Amino acid sequence: MPAARESLLDAAYTALARRPWSAVRMVDVAAAAGVSRQTLYNEFGSKDGLARALVRREADGYLAGVERALGGSAGPRERLTATAEWTAAAGRDNALVRAMLTGSWHERLPAPSLAAVPSSTAVPAQRRADGPLPTPRDFVRAVRDRAVTALSEPGAAPADTAELARSCELVVRLALSCVAAPPDEGGMAELVRAVFPRHVA
């Protein structure tokens, strides 16, 4: 992603932390990023385009965190616990991620349509942002599928893979519930242990 675009998204995110999206002005975002307002419009086209790009970036950042949590050499249960903890933390710390994961967009946030919008931009990253944005169901599927891919044993029987997929989806849904009602300290590992099959832990 070009540096100017990333700086503009950083500035928009910072502005959103300080005031409602309706009060965020494009001229202020451009000034905070140290670029011209024309550069801002060239990158995003409009304030709605900026909102879509910001939502897309935060969605990508959340899924990158999922990939990190699932990586490494720890056991399957530990990696799934790390994924659940990341989901709960990301939802707690990032209002846009929380809105995307839960589908609850409050009035302080931008609320772009999740459907694709017509795009005439020449900027590839903006064309992607103008495409469909993920729904809570999309996130459940994406995290479940990444977990199954990361945790599957080579040559596993289809029945074992199906059971793993069910367990991973339960853990993802459990983590999403913890966005709204966080568990006690250390409680996530206990919750994952309760639903993750012992034979693959």
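The rules behind each value
- Residues numbered from 1 in each chain as written.
- Predicted model: local features only at pLDDT ≥ 70, side-chain atom pairs only at ≥ 80, totals over all residues.
- Heavy atoms only, no water.
- Salt bridge = Lys/Arg side-chain N within 4 Å of Asp/Glu carboxyl O.
- Helix = DSSP H or I, 4+ residues; strand = E, 2+ residues; numbered from the N terminus.
- Buried < 20%, exposed > 50% of the residue type's maximum accessible area, 1.4 Å probe, protein only.
- Contact = heavy atoms within 4.5 Å.
- UniProt positions renumbered as here; feature names shortened; annotations may be inferred.
- Axes fitted to C-alpha atoms, helices over the stretch in contact; angles between N-to-C directions.
- Parallel < 35°, antiparallel > 145°, perpendicular 65-115°, else oblique.
- Left-handed = near helix turned anticlockwise from the far one by under 90°.
- Nonpolar A, V, L, I, M, F, W, Y, C, P; charged D, E, K, R; others polar.

Under the annotation held in an unreviewed UniProt entry, the protein chain carries the name Helix-turn-helix domain-containing protein and is attributed to Streptomyces sp. 900105245.

Draft legend 1. The arrangement of the pattern of salt bridges in detail. One pass over the full model with this rule turns up 14 salt bridges. Of the charged contacts, one joins Glu-43 and Arg-5 as a salt bridge, the two residues approaching to 3.0 Å between their closest N and O atoms. Here Glu-43 is found in helix α3 (residues 37–44), whereas its partner Arg-5 is found in helix α1 (residues 3–18), with 38 residues between them in sequence. Residue class for Glu-43 comes out buried when judged on its relative accessible area of 13%. For Arg-5, a relative accessible area of 2% gives the class buried.

Draft legend 2. Region of interest: the environment of Pro-76. Within the element layout of this structure, Pro-76 appears in helix α5 (residues 76–93). Its relative accessible area of 15% is what places Pro-76 among the buried residues.

Draft legend 3. Highlighting the environment of Leu-40. Residue placement: Leu-40 occurs in helix α3. Once residues lying within four places of it in the same chain are set aside, the contact partners of Leu-40 are Leu-8, Met-26, Val-29, Ala-30, Gly-45 and Leu-50.

Draft legend 4. Quick peek at the UniProt feature "domain: HTH tetR-type" (unreviewed entry) in the protein chain. Under the local residue numbering, the UniProt record ascribes the feature "domain: HTH tetR-type" (unreviewed entry) to residues 2–62. Helix makes up 79% of residues 2–62 and strand 0%, whereas the separation of the span's terminal C-alpha atoms amounts to 20 Å.

Draft legend 5. Structural view of the packing of α5 against helix α8 (residues 136–151). Viewed as axis vectors pointing N to C, α5 and α8 meet at an angle of 155 degrees, and their least axial separation amounts to 11 Å. Judged on the interaxial angle alone, α8 and α5 are roughly antiparallel. Crossing hand, α5 versus α8: right-handed. Contacts from Pro-76, Arg-79, Leu-80 and Thr-83 in α5 reach Val-143, Ala-147, Ala-150 and Leu-151 in α8. Here the residues of the contact of α5 with α8 are counted per class, giving six nonpolar, one polar and one charged.

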